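Below, each chain spelled out in residue letters.
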Amino acid sequence: MSRQLLSMALAPLLGLFILGIGNGFLASLITLRLDAAGESVTTIGWVSAAYYIGLAIGALFNDRLLLRIGHIRAYACFASLVAVTVLLQGMWLNAELWFTLRLIGGWATLGVYLVIESWLLTAADTRVRGRLLALYMIALYGAGVIGQLLLGVADHAGASQPFMIIAMLASLSVLPLGMIPRVSPLIEHAEPLSPWRLITVTPTGVMGCFGSGLAVSAIYSLLPLYLQRSGFEVQQIGEMMAVVILGGMLLQYPIGRWSDRHDRQIVLILIGGVLAVLCGGVMLLPDLPGLLAAMLFLIGGGVFALYPVAVSHAADRAPAGALVRMSQGLLLINALGATLSPPLITPLMIHTGNAGLFVALAGLGVVLVAFFVWRRSRRPAPMPMAPFTSNPQQSVVGAELSVTDELVQGAIEHEHMEDLSQLVPDVETALPGDMESDMDNDVEDDPATPFTTEKRESVASRQTSATE
């Protein structure tokens, strides 16, 4: 990666890292504070769900706001709003108020993601998007690990100091983007594929992304509650949560690369089966901290790998022209699963005790295995046509980061093997003759040039045909 590209990407990635530390800290802190205040499991679940509702709302509407006021001002507004909601939570502990504040905070956090990701999209063309996405993933997950470790600070601080620290981090995240001279990037309004089109193209991908939202949201929202009620100290809870996120960060790529060499449906079946076995093991094996940490590390690896493998499977079925819109639609399906997860799982925890969390996750693993096996019996998965791409939490506009030259080339090759024109009739499939006719009019890519979605896909398609 060139020094110029790294310098352009450094500011937004640094802002993401600073804000991500506070965001990871806050997710577990809210669950622990509500439980310590005597709130019911159901109430904790709904407050946790409010954040994901805000994310989903932001995914649908925030890009329009950015087009009106510009990226740097929008980032300052969103980060400031995050800081204000956190400070208000530190001033008053009230479940109804916290529900509203978490919803607003989720909406604002999605706006932050949107600014950073669209900024990165204009930093370079598709040839280096894979490396940019890797840096994005490292910043996001690395911040999450540090944020969980900060829970030890909350154990020795007063009622409001942890919220003040999180608010300060949100405010400080404005500095990297606000201090550099940069023209605001250009983006377009996101238009994801409809759920019905997604189910038509890739029912396995839709189910995998929905199941991933259910599982990841349960891990972030309810696992701290399970650990606290199991007798762990606040610092130990932070360490256990850091282990889960670290497992997701370290195991996601090896699992994904393995899926490049094998039937992705088989990989998804194994992820669901291993998730069910590990969650059953947590309930049955001796209650030893070291053993639990090892189990949570593996559970994190499986849960966090489920979404990117499902997206990669969907990409093997999608026409090249629909890759971005498909990724955006799958992100919204994932957000829907994350929103429904806490309200669905908390009643089970009420009736079966704290272990209800792992009962639910084990049941989810079994359901996923059954669905994937059924789908494989009805329609075998296509051979993997493009390399696995890690997919951390993103906005619908940022989903374009994962659409690299290699992914477009794989989709085009699959289009030539199977007629996909009827799957997504409103998207034109790639034709080699049409692409080659435009080669003489192509221009050299400038990493600093703001591309629209159509221009990026057009250039990527012409580059692919040139290599063929």
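Cut-offs applied
- Residues numbered from 1 in each chain as written.
- Predicted model: local features only at pLDDT ≥ 70, side-chain atom pairs only at ≥ 80, totals over all residues.
- Heavy atoms only, no water.
- Helix = DSSP H or I, 4+ residues; strand = E, 2+ residues; numbered from the N terminus.
- Buried < 20%, exposed > 50% of the residue type's maximum accessible area, 1.4 Å probe, protein only.
- Contact = heavy atoms within 4.5 Å.
- Areas by Shrake-Rupley, 256 points an atom, 1.4 Å probe, with all protein chains shown as cover.
- Salt bridge = Lys/Arg side-chain N within 4 Å of Asp/Glu carboxyl O.
- Expected span 1.5 Å × (residues − 1).
- Bend = angle between axes of the 7 residues up to and from the residue.
- Arc of directions from axis to C-beta.
- Axes fitted to C-alpha atoms, helices over the stretch in contact; angles between N-to-C directions.
- Left-handed = near helix turned anticlockwise from the far one by under 90°.
- Nonpolar A, V, L, I, M, F, W, Y, C, P; charged D, E, K, R; others polar.

Teacher, can you tell me more about the overall build of the chain here?
A tally of helices and strands in the chain yields 18 helices and zero strands. Classification of the 468 residues of the chain by burial places 58% in the buried group. Considering only intrachain contacts with a sequence separation of at least 6, the fraction spanning at least 24 residues in the chain is 87%. Accessible surface, the chain as shown: approximately 18,300 Å² in total, 65% of it carbon and sulfur.

Would you mind going over the pattern of salt bridges with me for this structure?
In the structure shown here, the tally under the stated rule is five salt bridges. Arginine 229 is the salt-bridge partner of aspartate 35, the closest N and O atoms lying 2.8 Å from each other. In this pair, aspartate 35 is assigned in helix H1 (residues 3–36) and arginine 229 in helix H10 (residues 203–229), connecting sequence segments 194 residues apart. For aspartate 35, a relative accessible area of 13% corresponds to the buried category. With relative accessibility at 34%, the residue arginine 229 sits in the partly exposed group. For arginine 376, the salt bridge goes to aspartate 263, with nearest N and O atoms at 3.0 Å. One end of the pair, arginine 376, is in helix H15 (residues 356–378); the other, aspartate 263, is in the loop between helix H11 (234–261) and helix H12 (264–284), and 113 residues separate them in sequence. In this structure arginine 376 comes out as partly exposed when scored by relative accessible area, which is 35%. In the salt-bridge network here, residues are joined through shared partners; they are Arg257, Asp260, Arg264 and Asp316.

Explanation requested: H11 in the structure shown.
Spacing of three or four residues puts side chains on the same side of an α-helix, whose turn is 3.6 residues. With 28 residues, H11 should reach 40 Å at 1.5 Å per residue; the first-to-last C-alpha distance of 42 Å fits that figure. Considering bend angle alone, the principal kink of H11 is centred on leucine 251 and spans about 35°; proline proline 254 follows within four residues of it.

How should I be thinking about the environment of arginine 129 in this particular structure?
Its place among the elements puts arginine 129 in helix H5 (residues 129–149). By relative accessible area, arginine 129 is classed as buried at 2%. In the structure, arginine 129 is positioned 275 residues away from threonine 404 in sequence and 6.0 Å away in space, judged by C-alpha atoms.

What am I meant to see in helix H7 (residues 161–172) here?
Here H7 contains 12 residues, and its C-alpha end-to-end distance of 16 Å stays within 8% of the 16 Å for a straight helix at 1.5 Å per residue. For H7, the complete set of buried residues consists of Pro162, Phe163, Ile166, Ala167, Leu169 and Ala170. Buried residues of H7, seen end-on, are gathered within an arc of 155° and therefore sit on one face of the element.

Whenever I open this one, the packing of helix H13 (residues 289–317) against helix H14 (residues 323–352) confuses me. Can you help?
When two helices pack together, you describe them by how their axes are tilted relative to each other and by the distance separating the axes. Running from N to C, H13 and H14 cross one another at 145°; their axes reach a closest spacing of 11 Å. Between H13 and H14 lies a crossing whose hand is right-handed. Taking contact as the criterion, the partners of Tyr307, Val311, Ala314 and Ala315 in H13 are, on H14, Leu323, Met326, Ser327, Leu330, Leu331 and Asn334. Class assignment for the residues of the contact of H13 with H14 results in eight nonpolar, two polar and no charged.

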